[in-house]
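Each chain, letter by letter, is given below.
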Amino acid sequence: SQIKLDHVSYVSTQSEFSSTVNRIGSQLKTPFVDGGVHPRFGTRNFTAPLLNNQYVEVVCPMDHPSTDSTPFGRAVKAKSEIGGGWFAWVLRTTNISELENLWQRKAADGLRVLPDGKKLEWKQIGVLGTAVDANRPFFVEWKSQNHPSSMGIAKANLVNIFMNGSKNSEDYWNKIESNQFGVKIDLQPNDVENPSGIVKIEFQIGENKVIVE
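A brief structural summary. The shown structure was predicted, so the numbers you read here are calculated from the model rather than taken from an experiment. (Residues numbered from 1 in each chain as written. Predicted model: local features only at pLDDT ≥ 70, side-chain atom pairs only at ≥ 80, totals over all residues. Heavy atoms only, no water.)

Before going further, it helps to examine the environment of Phe-138. If you trace the backbone, Phe-138 turns up in strand β8 (residues 138–142). Among the residues examined, Phe-138 registers a relative accessible area of 1% and is labelled buried. C-alpha of Phe-138 to C-alpha of Gln-124: the two residues are 14 residues apart in sequence and 7.3 Å apart in space. Setting aside residues up to four positions removed in sequence, Phe-138 forms contacts with Phe-72, Phe-87, Ala-88, Trp-89, Val-90, Leu-91, Gln-124, Ile-125, Gly-126, Val-127 and Thr-130. (Helix = DSSP H or I, 4+ residues; strand = E, 2+ residues; numbered from the N terminus. Buried < 20%, exposed > 50% of the residue type's maximum accessible area, 1.4 Å probe, protein only. Contact = heavy atoms within 4.5 Å.)

Dropping the structure here:
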């Protein structure tokens, strides 16, 4: 199956949601669009398209029972409770059943309806791994034709993800090093002061490099 970088996810607190969307949107010179609510996960998001069929999401937890009953909802809520920040990098696969077989569990179904009535449907797996070690990606397979990278006009190219942590045993790190996913990862060792996870992401807009923290 083909695997590529799909999106990067930034968690915000509820109170800072609109200011975070405005800040990152102005840094990327790309307006965000309302991505709607994820009823199954108890979260909501805004997305901004990037070049190369990728996008950025800003997500926040809602006061909703499903926030506490799903791995994604719990992970987003936990991140927001320590002030938010870069949360995850997410890889798109064309065959999520390979990962279901590997990990011996089912992918979760994702669904959201945009304000204009368009439906987005996908499957996702691996959030439990991201919750344990924040530099591990999770994986999605899109079921709908609609994709957030086509919503709006993309100007920014995601160039480099800076993260703390160690390479765990999973084989996608080898693919990253040979750049098969179309993304560069700058991995520094983590310590007590620098827990694992994404620290900042570098984007290219025309001639300019932009760092979003």
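Turning our eyes to something else, we now look at empty space enclosed by the protein. What the rule picks out here adds up to one cavity of 30 Å³ or more. Each pocket or cavity is described by its volume, and for the largest cavity that value is around 100 Å³. Around the largest cavity, the lining comprises 13 residues; the ones closest to its centre are His-7, Tyr-55, Glu-57, Trp-122 and Gln-124. Looking at the lining of the largest cavity, the elements that each hand over two or more residues are β4 (54–61), β7 (119–125) and β8. A per-element tally of the lining of the largest cavity places β8 first, with three residues. For the lining of the largest cavity, the residue count by class is seven nonpolar, four polar and two charged. (1 Å grid on protein atoms, 1.4 Å probe; cavity = no way out; pocket = protein on both sides within 12 Å on 5 of 7 lines; lining within 4 Å. Points joined across faces, edges and corners; volume = space filled by probe spheres on them. Nonpolar A, V, L, I, M, F, W, Y, C, P; charged D, E, K, R; others polar.)

Moving on, we get to the packing of aromatic side chains. Taken as a whole and assessed by the stated rule, the structure comprises eight aromatic pairs. Taken together, a centroid distance of 5.3 Å and an interplanar angle of 55 degrees make the contact between Phe-41 and Phe-72 tilted. Here the residue Phe-41 occupies a position in the loop between β2 (33–38) and β3 (43–50), and Phe-72 occupies one in helix α2 (residues 71–81), the gap between them amounting to 31 residues. Just as Phe-41 is buried, Phe-72 falls in that class too. A ring pair is formed by Phe-72 and Phe-87, whose centres lie 6.0 Å apart and whose planes are at 70 degrees; its orientation type is edge-to-face. Remark: Phe-87 occurs in strand β5 (residues 85–93) and Phe-72 occurs in helix α2; sequence separation between them is 15 residues. (Phe/Tyr/Trp six-rings, centres within 6.5 Å; stacked < 30°, edge-to-face > 60°.)

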